[in-house]
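Now for the letters of each chain:
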Amino acid sequence: MKVYSPETIEETTKILGKLKGNVHLLAGGTDLVVKVKEGTVLPENLINIRKLPLDYIKEEGNQLRIGALTSIETIHRSKPIRTYAPILSDAAGKMGSPQIRNLATIGGNIANASPAADTVPPLFVLNAQIVLKDQKGSRVIPIEKFFSGPGENVMRRDEILMEITFRKCAQSDEWFFSKLGQRKALAISKVSLAFRGKVNQNRLTDVSIALGAVAPTVIYAQRTARFLESKTFDSALIDEASRIIQEEASPISDIRSTSEYRRRMVGALLKQGLWELKAGVSPD
Ligand SMILES: Cc1cc2nc3c(=O)[nH]c(=O)nc-3n(C[C@H](O)[C@H](O)[C@H](O)COP(=O)(O)OP(=O)(O)OC[C@H]3O[C@@H](n4cnc5c(N)ncnc54)[C@H](O)[C@@H]3O)c2cc1C
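Residues numbered from 1 in each chain as written. Predicted model: local features only at pLDDT ≥ 70, side-chain atom pairs only at ≥ 80, totals over all residues. Heavy atoms only, no water.

S.K.: What am I meant to see in the nonpolar core here?
M.R.: Inside soluble globular proteins, nonpolar side chains tend to come together where they are buried. Counting 38 residues, the largest nonpolar core has Leu-88, Ile-106, Ile-110, Leu-123, Ile-164 and Phe-166 as its most contacted members. Residue assignment for this core shows that the elements contributing at least two residues are strand E5 (63-67), helix H3 (72-77), helix H5 (86-93), helix H7 (106-111), helix H8 (120-125), strand E6 (129-133) and strand E10 (160-167). The residues touching Ile-106, leaving out its near neighbours within four places in the chain, are Ile-66, Gly-67, Ala-68, Thr-70, Ile-72, Ile-75, Leu-88, Thr-119, Leu-123 and Ile-164. Formed by 27 residues, the second largest nonpolar core is a distinct cluster that contains Phe-176, Phe-227, Leu-228 and Ile-245. (Core = buried A, V, L, I, M, F, W, Y, C linked by side-chain atoms within 4.5 Å. Buried < 20%, exposed > 50% of the residue type's maximum accessible area, 1.4 Å probe, protein only. Helix = DSSP H or I, 4+ residues; strand = E, 2+ residues; numbered from the N terminus. Contact = heavy atoms within 4.5 Å.)

Structure representation (structure tokens):
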């Protein structure tokens with residue numbers, strides 16, 4: 001195996017453009033090193049990208065930009081993220097252990113393309129954009145178009161994931177991120193759900209819901225979101241939304257859970273989140 005340690009983006013994209021055979025980028029290594037140890041990935045070329053200047057969180061007007069090498073712990077603790085994308089900070093705080101969160105990067109969580117990746121459902125409801133770069137230039141892809149299957153994405157082998165951008169959330173946005181794993185901590189999600197919307201005069205508007213680990217990629221629950229839109233926010237609405245979202249999910253059975261359990265839990269997570277939201281918003 002040949003190992004490269006570039007210090008600039010230009011050097012990295014040049015190496016990526018030249019190399020033949022399989023190439024793997026190493027960020028925090030918390031996914032890649034496990035796969036190499038298991039023998040499911042055998043890199044011919046390994047590019048260690050940890051020296052690249054991609055560890056940042058920047059505010060630009062109404063946009064936030066997060067560099068691909070920003071650690072999950074930094075995202076969890078970041079004041080701008082807590083203020084303008086609290087759902088992402090919350091999901092980051094629910095990932096792995098402190099050791100994992102310090103090593104793991106947001107770029108690695110996205111590029112790894114697991115349907116259970118915890119930062120991805122929040123990034124769906126934030127309408128995030130993914131910035132990729134090769135030797136010739138950059139391209140921007142909406143996050144929901146980035147994934148093509150479990151462990152698969154649309155990045156070409158000569159590209160690097162540079163950053164994630166999205167609009168700051170408004171103060172009036174309501175949100176929740178719920179995740180169900182085998183244990184309370186250090187567990188990969190069996191099911192996860194990100195919700196964002198507004199409550200006006202006891203009606204939900206601007207609803208967006210994303211589901212993790214219930215389909216080959218993270219998906220939007222569009223039918224459920226549409227159903228919730230602009231109707232009276234009462235127990236009948238919550239019950240029916242919980243039924244519809246179970247129809248929308250298409251989970252598989254695997255070592256972590258059965259499809260039936262996952263389907264029911266999607267309904268339960270939505271129901272619980274909506275009840276908590278309803279209890280927390282002051283009647284207007
Ligand atoms: C004990 C344990 C617990 C975990 N718990 C969770 C959890 O609760 N939730 C969760 O979502 N995940 C969890 N994970 C998985 C993992 O920690 C995350 O997916 C993490 O964010 C991966 O980031 P990384 O920097 O370590 O990626 P790496 O392992 O370095 O890379 C992962 C993949 O992405 C590619 N890649 C990385 N950066 C880039 C880039 N900038 N451009 C292009 N490609 C890139 C690599 O080539 C590789 O294919 C856990 C892992 C372990 C070992």
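S.K.: Explanation requested: the packing of aromatic side chains in the structure shown.
M.R.: Note on aromatic pairs: each is described by the distance of the centres and the angle between the planes. All told, the structure shown has 3 aromatic pairs when counted by the stated rule. When the centroid spacing of 4.9 Å and the interplanar angle of 55° are considered together, the rings of Phe-124 and Tyr-220 count as tilted. With Phe-124 in helix H8 and Tyr-220 in strand E14 (residues 219-220), this pair connects stretches of sequence that are 96 residues apart. Residue classification places Phe-124 among the buried residues on the basis of a relative accessible area of 2%. (Phe/Tyr/Trp six-rings, centres within 6.5 Å; stacked < 30°, edge-to-face > 60°.)

S.K.: What's the story with the side chain of Glu-159 in this structure? I'm lost.
M.R.: Note on placement: Glu-159 falls in the loop between strand E9 (152-153) and E10. Residue class for Glu-159 comes out buried when judged on its relative accessible area of 4%. At 2.7 Å, the side chain of Glu-159 forms a polar contact with the side chain of Arg-139. Among the polar contacts made by the side chain of Glu-159, one reaches the main-chain amide nitrogen of Arg-156 at a distance of 2.8 Å. Each residue touching Glu-159, except ones within four places of it in the same chain, is listed here: Leu-16, Leu-25, Leu-132, Lys-133, Asp-134, Arg-139 and Val-154. (Polar contact = N/O pair within 3.5 Å; in protein donor to acceptor, adjacent residues only side chain to side chain.)

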